Amino acid sequence: MARFHCLTFLTDYGLGDAFVGVCHGVASQIAPDLRIVDITHLIPRGDIHRGAMVLAQATPYFPPAVHVAVVDPGVGTARRGVAVQAGGALFIGPDNGLLSVAIAQAGGAARAVSLTNAALWLESSAATFHGRDIFMPVAARLADGMPLAEAGEPIAVATLVTLPRPEYRIADGAVHAEVVTVDGFGNVQLSLPGPNAPGAGLVPGTRVAVAWDGREAVMPFVTTFGEVAPGEPLCYRDGGDWVAVAVAGGDAAGLLGLRTGTPVTLTPQ
Amino acid sequence: MARFHCLTFLTDYGLGDAFVGVCHGVASQIAPDLRIVDITHLIPRGDIHRGAMVLAQATPYFPPAVHVAVVDPGVGTARRGVAVQAGGALFIGPDNGLLSVAIAQAGGAARAVSLTNAALWLESSAATFHGRDIFMPVAARLADGMPLAEAGEPIAVATLVTLPRPEYRIADGAVHAEVVTVDGFGNVQLSLPGPNAPGAGLVPGTRVAVAWDGREAVMPFVTTFGEVAPGEPLCYRDGGDWVAVAVAGGDAAGLLGLRTGTPVTLTPQ
Amino acid sequence: MARFHCLTFLTDYGLGDAFVGVCHGVASQIAPDLRIVDITHLIPRGDIHRGAMVLAQATPYFPPAVHVAVVDPGVGTARRGVAVQAGGALFIGPDNGLLSVAIAQAGGAARAVSLTNAALWLESSAATFHGRDIFMPVAARLADGMPLAEAGEPIAVATLVTLPRPEYRIADGAVHAEVVTVDGFGNVQLSLPGPNAPGAGLVPGTRVAVAWDGREAVMPFVTTFGEVAPGEPLCYRDGGDWVAVAVAGGDAAGLLGLRTGTPVTLTPQ
């Protein structure tokens, strides 16, 4: 397998400890010239769902890379560590669904192995820091050109744990979706893919009634924030090309009381 | 135009989403060997003034670089995206004043273009993530040696938006200044340049009466924090060579109630 | 002295200002191809003890490197700046104990200099930003191959400031230790090295009574978190191979009221 251009790294380790730096150090020892790009290390602790969404938002924008992600509340249990080939990339982390959205987006898993080749791991008496001891040393070797098969035993891709994909349905002229994630600006991403919006009657220049939790707001469906006045709500296709709700210059999630999982109905006016 | 050594990156994107990593990925695809240095991504959301000050504090310490900065509450409005040559560096971002303090410090804008060459942009149906779709792909190409003229139409440098430069005046034997910015330690930077301090009677070894909001404190004007006892206030020339007020081992802004924009009068004793 | 593979950087500068980026810029000017790895910049302001522990957790995982650390409440006082050779690495920062735990772990100081060669420093009228003006320019030159002796006057390694090493004692069949540090997950590291645990009767598969502040909890001594139910406390050898107390899926420090310095007694059951 050819060498990869870079390794990306996403975790819930936080930035106040040595965890992230230690993993960079381990990779540097194995592949001294490898570029390591941090996606984020501020995934809320143990929030596999949020980690999966953020990873999937990032990975399409990278050249062929090894993507290491660790949000792993089950570290030290029987859950597998895996390396999965999808598109031109490799995804490495716990087999708990964290990788699944990004893998689906890259075209689906082509091959996978369980990380059982302990000869590649860092020697350690500890059993709770798999990012440092297993995922990063294996990933650095794969980035450096080691064949996938050397990382461990092949497994059927159908056995990989997947998160339920965000769903929506159209009924009675309305889109029934839910909040998938909220970004740091408070913008609220819904489970309706942008390319499916026109078929549901959601196109720039129209208005849409957004209903949730017994509340409703009618807002324009726009192309850019600049089309509405500051403080006004809007509906649009966001940077990841999902339909989203925002407030111009404001925190939509906070102002409107929308949270991950909130059911939302969109009715074109 | 020769290739640049590195690209710096400053935003208000925060560190909890994929935004910053995505922009690194986009640049990596265009210029695989380019070094990217993050200055900060924790500028308060939409705070152009603070972004401009932090950018100007950082850029003088880099080798010839492409500096990308995005604090852009007007994304999607008519505001231009620009690339500006100043000194040996290029500055890229929204034309909203964010770049202006750093550009002035680098000797003033020599040439500028409006980023109108859409052939360089990332294809996207979204219109709200110019950092990823416009600024970063254009900047990476410029860092890689693309001539500035290819980025878009030339514009007169006099039309670039500039922030009012921090001002001060001397009257009745006192300096009338204001708080320009507060750093993470709580140190309070005033609008009096360090090199102008001696002319105003502010030199190490003297004392100065600092007055604000109807309050006053007399403190030593020192060279280093070590000259006062912990907990004591002091006046000094800070790391960016502006006159500043601090509390040794403490948070001056919080303890003294000083905020950005607070008028401050300094009277040498 | 040969060139080093990389330079690591740990401070209490925070991530909201330009401080960290500026230091990267300074190093880039001197050693354009040097890899710089940030360990963390979120050490609590001025907390030398916490900085020393985090630095010591990270440095063993790097290839031969120059380690720059700055937690420096005494900047501008008479405290020395030092460069210390230990193992295959160099440690650079204030001589206030910050470097001492990592140096001891690397095998102890072999040689040291006081950073008195002002010709290497950045010219600056400020005296409060030694990371930028002294430590980073000197470190970048050392990473680039400059002999240690050129950085300043040799000093006796016995004169270097050291922090008291965490201690424990065994008496009456119990281990008397203390809390050394708490990580971002709330896991509580004690002052008992993992390799010394078996000798004190602490081995996987046994139970241990943990007593502190007049409270006591009996918990299993395990190898991995997966051996206990979520919410249950456990005792284990952590990623740095110290004996530690955690709560599976929870914040042990918060839940149990354990803080740095709390005396803890471990009695095997």
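On to the overall build of chain A, then. Within chain A, the regular secondary structure consists of five helices and 15 strands. Relative to its length of 269 residues, chain A is compact, with a C-alpha radius of gyration of 20 Å against a globular reference of 18 Å. Based on the C-alpha atoms only, the size of chain A along its principal axes is roughly 60 × 40 × 30 Å. A burial count over chain A gives 58% of its 269 residues as buried. Put simply, chain A shows about 9,800 Å² of open surface, and 54% of that area lies on carbon and sulfur atoms.

What follows deals with the interface of chain A and chain B. Each side of the interface is counted separately: chain A has 30 residues, and chain B has 29 residues. The contact between chain A and chain B buries some 2,200 Å² in all, and 58% of this surface belongs to carbon and sulfur atoms. On the chain A side of the interface with chain B, the three residues burying the most area are R35, Y61 and F185 of chain A, jointly 28% of the side's total. We note a salt bridge from R50 of chain A to D17 of chain B, for which the minimum N-O separation is 2.6 Å. Our count for the chain A to chain B interface comes out at 12 residue pairs in polar contact (both at pLDDT 80 or more). The leading source of residues in the side of chain A that touches chain B is strand β2 (residues 35-40) of chain A, at five residues.

Moving on, we get to the interface of chain C and chain B. Taken together, the 29 residues of chain C in the interface contact 30 residues of chain B. Carbon and sulfur atoms make up 58% of the surface buried where chain C meets chain B, a total of about 2,200 Å² over both sides. Across the contact surface, chain C and chain B share one salt bridge. Run the count over chain C and chain B and you get 13 residue pairs in polar contact (both at pLDDT 80 or more). Within the residue set of the side of chain C that touches chain B, elements represented by two or more residues are α1 (19-30) and β2 (35-40) of chain C. A total of eight residues in the side of chain C that touches chain B trace back to one element, the largest contributor, which is α1 of chain C. When the residues that make up the side of chain C that touches chain B are grouped by side-chain class, the tally is 13 nonpolar, 10 polar and six charged.

Under the counting rule described, the total for this entry stands at 18 salt bridges over all chains. Taking the shortest distance from any N to any O, the salt bridge between R79 of chain A and D72 of chain A comes out at 2.6 Å. Residue R79 of chain A shares its accessibility class with D72 of chain A, and that shared class is buried. A salt bridge links D95 of chain B to R80 of chain B; the nearest nitrogen and oxygen atoms lie 2.9 Å apart. Highlighted residues: D95 of chain B in the loop between β5 (89-94) and α3 (100-105) and R80 of chain B in the loop between β3 (65-70) and β4 (81-86), separated in sequence by 15 residues. On the basis of relative accessible area, D95 of chain B is assigned to the buried category, the value being 9%.

Reading the values: the criteria
- Residues numbered from 1 in each chain as written.
- Chains lettered and ligands numbered in written order.
- Predicted model: local features only at pLDDT ≥ 70, side-chain atom pairs only at ≥ 80, totals over all residues.
- Heavy atoms only, no water.
- Helix = DSSP H or I, 4+ residues; strand = E, 2+ residues; numbered from the N terminus.
- Rg over C-alpha atoms; globule rule 2.2 N^0.38 Å.
- Buried < 20%, exposed > 50% of the residue type's maximum accessible area, 1.4 Å probe, protein only.
- Areas by Shrake-Rupley, 256 points an atom, 1.4 Å probe, with all protein chains shown as cover.
- Contact = heavy atoms within 4.5 Å.
- Buried area = accessible area lost by both parts, 1.4 Å probe.
- Salt bridge = Lys/Arg side-chain N within 4 Å of Asp/Glu carboxyl O.
- Polar contact = N/O pair within 3.5 Å; in protein donor to acceptor, adjacent residues only side chain to side chain.
- Nonpolar A, V, L, I, M, F, W, Y, C, P; charged D, E, K, R; others polar.

Everything listed here is a matter of coordinates, which is why it stays silent on function.
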